[in-house]
Amino acid sequence: MPKNKKSNMGNFKVKSPAKTFKRILGYLKGYKVQIAVALACMFANVLCNVGGTFMIGVILQQLVLPLAAGETVTLGSLSGLGALGGIVGIMASIYIVGASLHYVYNYLIIRITTRVLQNVRNEMFEKMQKLPIKYFDTHTHGDIMSLYTNDTDTLRELLSGGLPNMITNVLTLIGMFIAMLVISPLLTLISIAMLVIMLFIVKFIASRSGKHFVGQQRQIGALNGYIEEHLDGLKVVKVFCHESAEKAEFDVFNGNLKEASRQAHTYANVLMPIMGNLSYVTYAVTAIAGTLLAISGFGGMNWGGLVSFMMYSRQFSNPLAQMAQQLNGVLMALAGAERIFDLIDQQPEEDDGYVTLVNAREDEAGKLVETEEYTGMWAWKHFHRADGTTTYVKWTGEVEFENVTFGYVPEKTVLKDISLVAKPGQKIAFVGSTGAGKTTIINLINRFYDINDGKIRYDNINITKINKADLRHSMAMVLQDTHMFTGTVSDNIRFGKLDATDEEVVAAAKLANADYFIRHLPDGYDTLLTGDGENLSQGQRQLLAIARAAVANPPVLILDEATSSIDTRTERLIEKGMDRLMQGRTVFVIAHRLSTVRNSDLICVLEHGEIIERGNHEELIAKKGKYYQLYTGAFELE
């Protein structure tokens with residue numbers, strides 16, 4: 001298998017922000033009503049805030065100053081301080097309504113965001129299930145996990161905070177701008193001149209911070225990949241006392257992330273102080289000009305209008321500064337979203353197979369026919385496109401390789417002209433040094449990879465014609481690297497056949513000789529396994545993996561170093577169970593322990609992707625070739 005697994009996502013760069021943003025908005029199409037209500041609440045909230053500030057100037061000019069001058073003022077039936085209290089109450093009500101609207105649209109935005117992210121994660125996971133094995137051989141688990149954590153988190157920030165705040169700030173700027181124009185067009189021009197200066201500064205900083213946020217996401221993915229790899233190999237690190245070397249390498253990754261984060265946030269963090277200081281300058285210039293206008297009465301300016309305008313002027317830069325700050329988050333979210341969409345857009349595993357596995361029975365003439373009832377008999381339903389007929393071929397488990405050539409990459413051939421026939425019930429073993437191509441043969445039987453040349457037939461049907469799901473359903477595998485899922489012991493055995501009854505689970509465990517140790521677990525078959533079965537020994541996990549294959553009850557069984565982690569005593573214990581499991585099945589075995597393949601019907605010795613010897617144990621020993629050297633210890637497997 002290819003070993004050049006690397007962080008392909010680490011080199012990801014933002015390609016099309018506009019296109020990505022449009023695609024993000026596409027996820028919001030199903031929430032048009034909620035979004036319309038949220039936008040209406042945003043608009044009304046901004047109107048309340050801007051209107052409340054405008055009323056302060058009106059109150060000052062129409063009520064406070066006349067009262068201070070000893071004049072009589074009225075508001076409906078109220079006069080004097082009563083009128084002032086009434087207008088203040090109205091203004092307070094406006095702010096309360098605005099706060100309520102703010103809560104409503106935030107509530108709606110959070111509901112929409114959580115549902116959108118749920119849909120995105122579902123889409124990612126669904127696509128991930130359809131990707132070919134090659135994708136996972138060439139991408140680190142840390143990189144893929146980063147999509148579900150860091151990148152979806154940036155998308156959450158965009159949908160729940162960045163985008164709504166952008167809209168609110170734009171509406172606030174428009175509202176304040178209109179109110180300022182109403183109060184004094186001249187002072188508004190002064191504010192706009194300062195605004196243009198601010199915009200140039202924002203553009204300058206954003207153009208430099210955006211690329212650094214992309215780099216930060218890249219380094220996060222690389223660091224996660226390294227940590228994931230280190231955790232998987234922690235025992236190896238400790239065995240060889242490489243803690244210091246690993247720490248030094250981690251420091252490099254961590255240092256790269258630190259530097260990328262420093263550069264990204266340096267630009268982002270200097271923006272607010274710069275904008276804040278410019279707002280003070282704008283405020284001072286506006287205050288001087290406004291005072292002169294109020295004293296002269298030029299343009300209809302009065303003291304109440306000046307107070308409202310100065311409040312707007314003081315607040316005017318805040319939405320702009322927040323938008324500039326949020327722009328960095330938006331760019332980071334777009335970078336994360338493009339990485340997510342890169343996964344979603346990956347080409348799924350191709351499956352043009354049309355031969356399917358169906359329940360079958362024999363009619364009165366002894367001919368196979370399809371039935372919906374479970375009969376225990378299975379057949380390949382083969383529709384012939386040439387003449388439109390359908391035939392049924394009994395599922396027996398015969399596998400044939402005919403001149404098969406394959407390479408993971410075009411420039412390197414791994415298997416060369418492999419030919420062999422595995423008859424139903426035969427046990428075929430593959431032996432040879434590491435890298436000889438043993439596991440690759442197994443990958444080809446399952447169509448994890450497709451061959452470059454030649455043919456592989458299953459029950460005399462080219463496997464390229466067989467639906468991949470049915471093909472893999474017809475086989476069971478016990479891998480060298482066992483994996484236990486979080487769940488009970490029964491759940492992990494039942495993974496081989498999800499609808500298996502409790503009786504079938506126990507029978508499979510007995511077949512693999514796992515029943516004894518299972519019943520001695522704290523809760524027996526209901527014992528909860530976590531952390532890849534860390535509460536079990538490696539040998540016990542291997543036995544459960546064998547039981548998982550047994551419960552599937554397929555005619556073809558693949559054992560890839562299935563007993564590699566089991567001691568000699570345990571191996572002898574399960575030998576009878578394994579023989580029962582293999583009885584009547586076509587079995588492919590990869591093993592370094594040659595004692596486990598002695599009783600094979602055919603032993604194939606591989607070297608550099610070619611079968612250099614084949615035969616049963618006695619025939620190969622008599623040849624005194626490579627197998628003889630391996631068996632007698634004259635040449636050891638690497």
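Cut-off values and rules
- Residues numbered from 1 in each chain as written.
- Predicted model: local features only at pLDDT ≥ 70, side-chain atom pairs only at ≥ 80, totals over all residues.
- Heavy atoms only, no water.
- Pairing = 2+ DSSP bridges.
- Helix = DSSP H or I, 4+ residues; strand = E, 2+ residues; numbered from the N terminus.
- Axes fitted to C-alpha atoms, helices over the stretch in contact; angles between N-to-C directions.
- 1 Å grid on protein atoms, 1.4 Å probe; cavity = no way out; pocket = protein on both sides within 12 Å on 5 of 7 lines; lining within 4 Å.
- Points joined across faces, edges and corners; volume = space filled by probe spheres on them.
- Nonpolar A, V, L, I, M, F, W, Y, C, P; charged D, E, K, R; others polar.
- Buried < 20%, exposed > 50% of the residue type's maximum accessible area, 1.4 Å probe, protein only.
- Parallel < 35°, antiparallel > 145°, perpendicular 65-115°, else oblique.
- Left-handed = near helix turned anticlockwise from the far one by under 90°.
- Contact = heavy atoms within 4.5 Å.
- pLDDT = per-residue confidence, 0-100.
- Salt bridge = Lys/Arg side-chain N within 4 Å of Asp/Glu carboxyl O.
- Core = buried A, V, L, I, M, F, W, Y, C linked by side-chain atoms within 4.5 Å.

Spatially, the four strands line up as an open sheet ordered β4-β3-β5-β6, and their pairing is antiparallel. The open sheet has two free edges, formed respectively by β4 (368–370) and β6 (390–394), since each of these has just one partner strand. Within this sheet the neighbouring strands show an average axis-to-axis angle of 50°, counted without direction. Pairing analysis gives four bridges linking strand β3 (residues 356–362) to strand β5 (residues 378–383), with the strands arranged antiparallel. Of the residues in β5, the one forming a bridge with Asn359 is Trp378.

Each pocket or cavity is described by its volume, and for the second largest pocket that value is around 460 Å³. Lining the second largest pocket are 24 residues; nearest its centre among them are Pro132, Lys134, Phe448, Tyr449 and Asp450. In terms of residue class, the lining of the second largest pocket is built from 10 nonpolar, seven polar and seven charged.

Phi is positive for Asp459, which is not a glycine, with a value near 55°. Mapped onto the secondary structure, Asp459 falls in the loop between β10 (453–458) and β11 (461–462). Looking at Asp459, the relative accessible area reads 6%, which means it is buried. Despite not being glycine, His608 shows a phi value in the positive range, around 55°. We classify His608 as exposed; its relative accessible area is 60%.

For the pair helix α13 (residues 502–511) and helix α15 (residues 538–552), interaxial distance at closest approach is 8 Å and the crossing angle is 125°. When the axes of α13 and α15 are compared, the pair comes out oblique. You can see that α13 and α15 cross each other, and the crossing is right-handed. Residues Glu504, Val505, Ala508, Ala509 and Leu511 of α13 lie in contact with α15, whose contacting residues are Ala547, Ala550 and Val551. Among the residues forming the contact of α13 with α15, the class breakdown is seven nonpolar, no polar and one charged.

Counting buried residues in strand β16 (residues 586–590) gives five out of five residues, a clear majority hidden from the surface. Here β16 shows no split at all, with Thr586, Phe588 and Ile590 on one side and Val587 and Val589 on the other all buried. Sheet topology places strand β9 (residues 427–432) next to β16; four bridges connect them, and they run parallel. When the sheet's bridge partners are listed, Ala429 is paired in β16 with Val589. Note: strand β15 (residues 556–560) against β16, five bridges, orientation parallel. Opposite Leu557, over in β16, you have Val587 as the bridge partner.

Counting buried positions along β9 yields six of six residues, so the element is predominantly enclosed. Neither face of β9 is left uncovered, since the one carrying Lys427, Ala429 and Val431 and the one carrying Ile428, Phe430 and Gly432 both have all their residues buried. Looking at chain direction, β9 and strand β17 (residues 602–607) are connected through five bridges and run parallel. Note on β17: the bridge partner recorded for Val431 is Val605.

This paragraph deals with the confidence of the model for the protein. Residue-level pLDDT values for the protein average 80, and 84% of them are 70 or greater. Scored below 50 in pLDDT, residues 1–12 shows 39 contacts in the model against residues more than four places distant or in partner chains. Within the model, the stretch residues 634–638 combines pLDDT values under 50 with 14 contacts to residues more than four positions away or in other chains.

What follows concerns the side chain of Lys438. With respect to the helices and strands, Lys438 occurs in helix α10 (residues 438–445). Of the residues examined, Lys438 reaches a relative accessible area of 7% and is grouped as buried. Not counting residues within four places of it along the chain, the set of residues in contact with Lys438 comprises Phe430, Val431, Gly432, Ser433, Ile590, His592 and Leu606.

With that settled, the discussion passes to the pattern of salt bridges. Inspection of the entire model under this criterion finds 18 salt bridges. The salt bridge involving Arg23 is made with Asp345; its shortest N-O contact spans 2.6 Å. In this pair, Arg23 sits in helix α1 (residues 17–26) while Asp345 sits in the loop between α9 (303–344) and β3, placing the two residues 322 residues apart along the sequence. When its relative accessible area of 30% is taken as the criterion, Arg23 is described as partly exposed. We classify Asp345 as partly exposed; its relative accessible area is 48%. A salt bridge links Asp491 to Arg494, with the shortest nitrogen-to-oxygen separation between them at 4.0 Å. Of this pair, Asp491 and Arg494 both sit in helix α12 (residues 489–494), three residues apart, roughly one helical turn. According to the relative accessible area criterion, Asp491 is partly exposed, its value standing at 41%. Within this structure, Asp153, Arg156 and Glu157 form a network of salt bridges that share partners.

Moving on: the environment of Glu228. Note that Glu228 resides in helix α6 (residues 185–232). With 87 residues separating them in the primary sequence, Glu228 and His141 have C-alpha atoms 6.9 Å apart.

This brings us to the sheet that holds β11. Here four strands make up an open sheet; going across it, the order is β8-β7-β10-β11 and the pairing antiparallel. Two strands lie at the open edges of the sheet, namely β8 (415–422) and β11, each paired on one side alone. Of the strand pairs in this sheet, β10 and β11 are connected by two bridges, and their pairing is antiparallel. Its bridge partner being in β11, Arg457 is matched across the sheet by Asn462. Against the sheet, α10 engages β7 (399–406), β8 and β10, with an angle of about 115° to β7.

Next up on the list: the nonpolar core. One finds Ile24, Val116, Met124 and Leu155 to be the most contacted residues of the largest nonpolar core, which totals 50 residues. Looking at this core, the elements with two or more residues in it are α2 (32–68), α3 (81–130), α4 (133–137), α5 (141–183), α6, α8 (243–296) and α9. By residue number, the principal contributor to this core is α9, which donates 15 residues. Residues contacting Leu155, with those up to four places away along its chain left out, are Ile24, Leu117, Val120, Ala333, Ala337 and Ile340. The next biggest cluster of nonpolar side chains, apart from the first, holds 42 residues, and it includes Ala476, Ala547, Met582 and Ala591.

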